[in-house]
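Structure assessment
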Amino acid sequence: MANRPQIRTSNSALIAMIADEDTITGFLLAGVGNVDLRRKTNYLIVDSKTTVKQIEDAFKEFTTREDIAIVLISQYVANMIRFLVDSYNKPIPAILEIPSKDHPYDPAHDSVLSRVKYLFSAESVASGRR
C-alpha cells in the first residue's frame, strides 16, 4: 500500500469547482469555498469571457494541488477541455462531471461513466459472458 496516493491528513481536503456562476454560488453557500493565504481560491467561475486557456490552467492547477481531493466540473465546461479530462488518470483528486442549470447532463460525454462501461464490457469479455 506504500504506492497508494494519499490525501494530506493534517488539514481537511478540499473540493475544487470549475463551473458557471450559479453552480459555484450554490456550492459556496454550502460552505465548499476556500481562499488560502496567497488569495488562491478553489474554484473558477466560467462565463462568456473565460478563455479555454484559463479553464485548462485551472484544471491543471486543481489536479496538481495536494490539498484537493475532488474536482467538480460542469459537463459543458469539461467538453471544452475534453482532451485534458479524458487523459487524466489519477485517482486523487477525483474528477466528477456535474450538470448545470443551463446545460443538462449527457451521460454519453461523461468520462467516468464511459470508463466504467469500458471496464464492465472488458470484464464480461474476459469472463466469457456478454
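Everything in this summary refers to the structure shown in the same document. No experiment lies behind these values; they were computed from the predicted model shown. (Residues numbered from 1 in each chain as written. Predicted model: local features only at pLDDT ≥ 70, side-chain atom pairs only at ≥ 80, totals over all residues. Heavy atoms only, no water.)

1. Details of the overall build of the chain
A count of helical and extended segments in the chain gives five helices and four strands. Element order for the chain, N to C, with α for helix and β for strand: β-α-β-α-β-α-α-β-α. A burial count over the chain gives 34% of its 130 residues as buried. The contacts in the chain between residues at least 6 apart in sequence include a share of 64% that link residues at least 24 apart. Only carbon and sulfur atoms are counted for the fraction: they give 57% of the accessible area of the chain, which is about 8,600 Å². (Helix = DSSP H or I, 4+ residues; strand = E, 2+ residues; numbered from the N terminus. Buried < 20%, exposed > 50% of the residue type's maximum accessible area, 1.4 Å probe, protein only. Contact = heavy atoms within 4.5 Å. Areas by Shrake-Rupley, 256 points an atom, 1.4 Å probe, with all protein chains shown as cover.)

2. Observations concerning the nonpolar core
By size, the foremost hydrophobic cluster in this structure holds 20 residues, and its most contacted members are Ile-18, Phe-59 and Ile-73. Looking at this core, the elements that each hand over two or more residues are β1 (14–19), α2 (52–64), β3 (68–74), α3 (75–80) and α4 (82–87). Take this core: its biggest share by element is four residues, from α2. Counting residues in each nonpolar core, the second largest holds six residues, with Met-17, Ala-19, Ile-24 and Val-32 among its members. (Core = buried A, V, L, I, M, F, W, Y, C linked by side-chain atoms within 4.5 Å.)

3. What to know about helix α1 (residues 21–29)
Backbone nitrogen of Asp-22 and a side-chain oxygen of the N-cap are separated by 3.3 Å at the start of α1; the cap is Asp-20. Of the residues trailing α1, Gly-31 is marked for its positive phi of about 95 degrees. (Polar contact = N/O pair within 3.5 Å; in protein donor to acceptor, adjacent residues only side chain to side chain.)

4. What about the environment of Asn-42?
As for its placement among the helices and strands, Asn-42 is situated in the loop between α1 and β2 (43–45). Sequence spacing of Asn-42 and Met-17 is 25 residues, and the spatial spacing of their C-alpha atoms is 6.5 Å. Among residues more than four places away in sequence, those in contact with Asn-42 are Leu-14, Ile-15, Ala-16, Met-17, Val-32, Gly-33, Asn-34, Phe-62 and Arg-65. In terms of polar contacts, Asn-42 uses its side chain to reach the backbone amide nitrogen of Asn-34, at 2.8 Å.

5. Observations concerning the pairing of β3
For β3, the tally of buried residues reaches six of seven residues, placing the bulk of the element in the interior. Sheet topology places β1 next to β3; five bridges connect them, and they run parallel. For Ile-15, the partnering residue across the bridge sits in β3 and is Ile-70. (Pairing = 2+ DSSP bridges.)

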